[in-house]
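Understanding the architecture of this molecule
Chain residues, written in single-letter form:
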Amino acid sequence: MKVITEEYRKLQQELHQNPNYGVASLQFAPIVANIIKDLNVESLSDYGAGKQNLLKGLTELGIKLKIYQPYDPAFPEYGEPKGADLVCCIDVLEHIEPDLIDNVLQDLENITTKFGFFSVHMGPAVKLLADGRNAHLIQKPSSWWLEKLIQHFEILHLQTHGVMGHGFWVAVKPKEKN
C-alpha cells in the first residue's frame, strides 16, 4: 500500500534538511509523556518520526520506553511501520499527499494496537516545498478530519490547540472488531 510518491519523498527529504522543520513533536512531548505514564505504555511507534524529536523530548522529560520504533517514508533507514501500545503521528497528516491520506490512515489503523495520539495542523504552514506548494498539502477543518478518523478509530478525546498555529489533537483506540 503506497503512502508516498517518489517525487514527494524527495521533496520531504529536502525539507528535512531545514533544522526548524519537524519540531512540533517537541511541543507535544509533555502530553505524550503523560499518556505513557497513565497507560503504562511500553512500546511507542512514531509514525512520521522525521528527526526523532519526539524521542528527544520524551528523554528530556525522563521517559524511558522499552521499545521506540521510528517510521518515516522520507527516512527509509527506519524501515517499515511497526505496531505498538501507543502510535504517535504528530504534525504529519496535514503533510500527506491528499490522494494517499486514506492509505496512511489505514496504515495507522494497522499498527495501532492499544492507543493512538495524532495531532493535525489545520491551516497553512510557514514553510514551502521546493516546488512552491505550501508544506501543508491538506488544510481542512477538524470536522473533515474527524469524518476520516472515525472510519478507522474510536475517538477517546479531541482537544484544539494553538501550538505553532491552529490545530487539534486526538487520542484514539482501535475500533472493536466484529
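For the structure, see preceding data.
Residues numbered from 1 in each chain as written. Predicted model: local features only at pLDDT ≥ 70, side-chain atom pairs only at ≥ 80, totals over all residues. Heavy atoms only, no water.

Describing the sheet that holds strand S1 (residues 43–47)
The criterion, for reference: For two strands to be treated as a pair, DSSP must find no fewer than two bridges joining them. Runs of E in the DSSP output that reach at least two residues are strands. Runs of H or I that reach at least four are helices, and both are numbered from the N terminus. Between N-to-C directions, angles span 0 to 180 degrees; the directions come from axes that are lines fitted to C-alpha atoms, helices contributing only their stretch in contact. The contact rule is simple, with two residues in contact once any of their heavy atoms fall within 4.5 Å.
Spatial ordering of the open sheet is given by S2-S1-S3-S4-S6-S5, a layout of 6 strands whose pairing is mixed. The open sheet is flanked by strand S2 (67–71) and strand S5 (153–161), the only strands paired with a single partner. The sheet shows a mean angle of 15° between the axes of neighbouring strands, direction not considered. When strand S4 (residues 112–121) meets strand S6 (residues 167–174), the two strands line up antiparallel, connected through 6 bridges. The residue of S6 that forms the bridge with Phe-118 is Val-170. Taken strand by strand, helix H4 (residues 101–111) contacts S1, strand S3 (84–90), S4 and S5, and its axis lies near 145° from that of S4.

So, the pattern of salt bridges
A pair can form between side chains of opposite charge whenever their charged atoms are brought close. Keep this limit in mind: Just to be clear on terms, a salt bridge is a Lys or Arg side-chain nitrogen sitting within 4 Å of an Asp or Glu carboxyl oxygen. Exposure classes here rest on a 1.4 Å probe applied to the protein chains alone. A residue is buried below 20% of its type maximum, exposed above 50%, and partly exposed in between.
A full pass over the atoms with the stated rule returns 5 salt bridges. The partner of Asp-85 in a salt bridge is Lys-114, and the shortest N-O contact between them spans 3.6 Å. Taken together, the positions of Asp-85 in strand S3 and Lys-114 in strand S4 put the pair 29 residues apart, joining distant regions of the chain. The closest approach of N and O atoms between Arg-133 and Asp-131, which form a salt bridge, is 2.9 Å. In this structure Asp-131 comes out as partly exposed when scored by relative accessible area, which is 42%.

Quick look at helix H5 (residues 142–149)
Under the convention used in this document: The arc in question is formed by the directions pointing from the helix axis toward the C-beta atoms.
Here H5 has its buried residues at Trp-145, Lys-148 and Leu-149. All buried residues of H5 fall inside an arc of 95° around its axis, so they share one side. The inward-facing, buried residues of H5 contact H4, S4, S5 and S6.

Here we look at the side chain of His-121
For clarity, the cut-off: Under the rule applied, a polar contact is a pair of N or O atoms within 3.5 Å (in protein, one hydrogen donor and one hydrogen acceptor; residues adjacent in sequence only if both atoms are side-chain atoms).
Mapped onto the elements of the fold, His-121 is located in strand S4. His-121 gets classed as buried once you look at its relative accessible area, which sits at 9%. Polar side-chain contacts of His-121 include one of 3.1 Å to the backbone oxygen of Gly-123.

Don't take any of this as a statement about function, it's just geometry.
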